[in-house]
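Descriptive analysis of the structure
Residue-level listing of the chains:
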Amino acid sequence: MHVLLSNDDGIMAPGLRALYAALVEAGHTVTAVAPLRQQSGVGHSLTVFEPLRTRLIEEPGFSGIGVHGTPTDCVKLGLGALSERRPDLVMAGINLGPNVGPDIFYSGTVGAAAEGAHDGVPSMAISHADHSGRQDLTAHARHAVALAERIDWKKLPPRRVLNLNYPAGDLPAGEVRVCAQSDAVWRNIYARREDPRGDPYWWLTGDVPQESIRPGTDKDLLLAGHVTLTPLRFEYTDDAALAALSGMELSPRG
């Protein structure tokens, strides 16, 4: 299997390196194309007003291409120019921090996988609910690769992303829980501060209220210590709203 590998934490991130090693260990061909700097929270953003520049990174046990751009740039560039042949799978991760519930909307990791899916390539986003970067992710990476190998991708509808999340800590025993995305939203809190010159700036904090998380959804199960797998689609047409609008008189009357 030929895998196009990317992320949003940057090409030096331990999660990407662990996934690269696990893929190679399993006998797969890997084309790693990832941002040269941290790109968390950029979603599906794209660079259109400046060129994309790259840097080849060759190290013992790793070869990849760093891009001065977003995760979406990396996957588009990988698919369109840098991969010697069309990949069988796009994998994005392993992200430092979870991507469940409202995180999905903002995640560059999910954005990278979504770009692969938009191009018709089976795609998976992988995240770990620990922001520290100190966790050894070898076992998680091997688990993710083995899971990708077991999935019958041809049975899934086209243009889907499988969003895989691991709870903080060591890889838990037990089955992967297939579940829906939580519809909870962030409670935004902006901390007002002042720089040394006395000018104000704001730092985003906040949380997701526990009472807003529906039982059995990805965020609920992840917090309970389960590995979660959520299929995502990015066709934005709302069928219910489409039906409602179709029943309204919307044309101006003469």
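Here the structure is a predicted model, which means the values were calculated and not measured. Residue numbers here run from 1 along each chain, matching the order of that chain's written sequence. At least 70 in pLDDT is required for a residue's local features to be given in this predicted model, at least 80 for side-chain atom pairs to be given and counted, and no such filter applies to totals for whole chains, interfaces and linings, which use all residues. Values reported for side chains reflect all heavy atoms of the structure, with hydrogen atoms and water molecules removed beforehand.

**What about the overall build of the chain?**
Segments assigned H or I by DSSP are reported as helices when at least four residues long, segments assigned E as strands when at least two residues long, and all are numbered from the N terminus. Across its full length, the chain carries seven helices and 11 strands. We compute the radius of gyration over the C-alpha atoms and compare it with the globule rule, which gives 2.2 Å times the number of residues raised to the power 0.38. Its C-alpha atoms give the chain a radius of gyration of 20 Å, near enough to 18 Å, the size a compact globule of 254 residues would have. Considering only C-alpha atoms, the chain reaches an extent of 70 × 55 × 45 Å along its principal axes. Counting across all 254 residues of the chain, residues that qualify as buried make up 45%. For every residue, the accessible area (1.4 Å probe, protein chains only) is compared with the maximum for its type, and the residue is labelled buried under 20%, exposed over 50%, or partly exposed between those bounds.

**What to know about the packing of aromatic side chains**
Aromatic contacts are taken between Phe, Tyr and Trp rings whose centres are within 6.5 Å, Trp giving its six-membered ring; a plane angle under 30 degrees counts as stacked, one over 60 as edge-to-face, and the others as tilted. Counted according to the given criterion, the structure contains two aromatic pairs. Ring geometry for Phe105 against Tyr106: centres 5.2 Å apart, planes inclined by 90 degrees, an arrangement best described as edge-to-face. By definition here, charges over rings are those cases where NZ of Lys or CZ of Arg is within 6 Å of the ring centre and within 35 degrees of the ring normal. Above the plane of the ring of Phe62 lies Arg17, whose end atom (NZ or CZ) is 3.8 Å from the centre.

**What about the nonpolar core?**
For the purposes of this section, nonpolar cores are sets of buried Ala, Val, Leu, Ile, Met, Phe, Trp, Tyr and Cys residues that join through side-chain atoms within 4.5 Å. In terms of nonpolar packing, the biggest core is built from 34 residues, with Leu19, Met91, Met124, Ile126 and Leu164 touching the most fellow members. Of the residues forming this core, the biggest block, six residues, is contributed by helix α1 (residues 14-25). Those residues in contact with Leu164 that sit more than four places away from it in its chain are Met124, Ala125, Ile126, Ser127, Ala144, Leu147, Val227, Thr228 and Leu229. Any two residues whose heavy atoms approach within 4.5 Å are treated as being in contact.

**A word on the pairing of strand β5 (residues 89-96)**
Remark: a regular strand shows side chains that alternate across the two faces of the sheet. Counting buried positions over the eight residues of β5 gives eight, a clear majority of the element. Pairing of strand β1 (residues 2-6) with β5 involves four bridges; the strand directions are parallel. Across the sheet, Val3 pairs through a bridge with Leu89, a residue of β5. Pairing between strands is defined by DSSP: at least two bridges between them are needed. Bridging between β5 and strand β6 (residues 123-128) involves five bridges; their strand directions are parallel. Bridge pairing links Met91 to Met124 in β6.

**As for helix α4 (residues 108-118)**
Along α4, 10 of the 11 residues are buried, which leaves the element largely enclosed by surrounding structure. On its buried face, α4 is in contact with α2 (71-82), β5, α3 (103-106), β6, β7 (160-166) and β11 (228-233). We define a polar contact as two N or O atoms separated by no more than 3.5 Å, with the added condition that, inside protein, one atom must be a possible hydrogen donor and the other a possible acceptor, whereas residues neighbouring each other in sequence contribute only through side-chain atom pairs. At the N-terminal end of α4, a side-chain oxygen is found 3.1 Å from the backbone nitrogen of Thr109, two or three residues along, and the residue is Ser107. Downstream of α4 by one or two residues, Gly120 has phi in the positive range, about 90 degrees.

**Some points on the pairing of strand β9 (residues 187-194)**
Across eight bridges, β9 lies against strand β10 (residues 200-207) in antiparallel orientation. Across the sheet, Glu194 pairs through a bridge with Pro200, a residue of β10. The loop that links β9 with its antiparallel partner β10 comprises five residues; one of these, Gly198, has a positive phi angle of about 90 degrees.

**A look at the sheet that holds β11**
With mixed pairing, nine strands are arranged side by side in an open sheet as β3-β4-β2-β1-β5-β6-β7-β11-β8. Unpaired on one side and paired on the other, β3 (54-59) and β8 (177-178) mark the two borders of the sheet. As judged from the six bridges shared by β6 and β7, these two strands associate in the parallel manner. Looking at β7, one finds that Ser127 is bridged to Asn165. To obtain each axis, a line is fitted to C-alpha atoms, and for helices this fit is confined to the stretch in contact; angles are then taken between N-to-C directions over 0 to 180 degrees. Each of β1, β2 (29-35), β3, β4 (62-67), β5 and β6 is contacted by α1, which is oriented at about 140 degrees to β5, the strand it contacts most. The sheet strands contacting α4 are β5, β6, β7 and β11, and the helix crosses β6 at an angle near 170 degrees.

**Focus on the side chain of Glu115**
As for its placement among the helices and strands, Glu115 is situated in helix α4. Exposure remark for Glu115: the relative accessible area of 10% places this residue in the buried category. Residues in contact with Glu115, not counting those within four places in the same chain, are His44, Thr72, Val75, Lys76 and Leu79.

**Structural notes on the side chain of Ser182**
Examined against the element boundaries, Ser182 turns out to sit in the loop between β8 and β9. Its relative accessible area of 2% is what places Ser182 among the buried residues. Within the structure, the side chain of Ser182 is placed 3.1 Å from the backbone nitrogen of Ala184, a separation counted as a polar contact.

**Some thoughts on unusual backbone geometry**
The omega torsion across Gly93 and Ile94 is 0 degrees, close enough to zero to call that bond cis. One can find Ile94 in strand β5. The phi dihedral of Arg159 falls on the positive side, at around 60 degrees, and the residue is not glycine. With respect to the element layout, Arg159 can be found in the loop between α5 (138-150) and β7. A relative accessible area of 40% places Arg159 in the partly exposed class.

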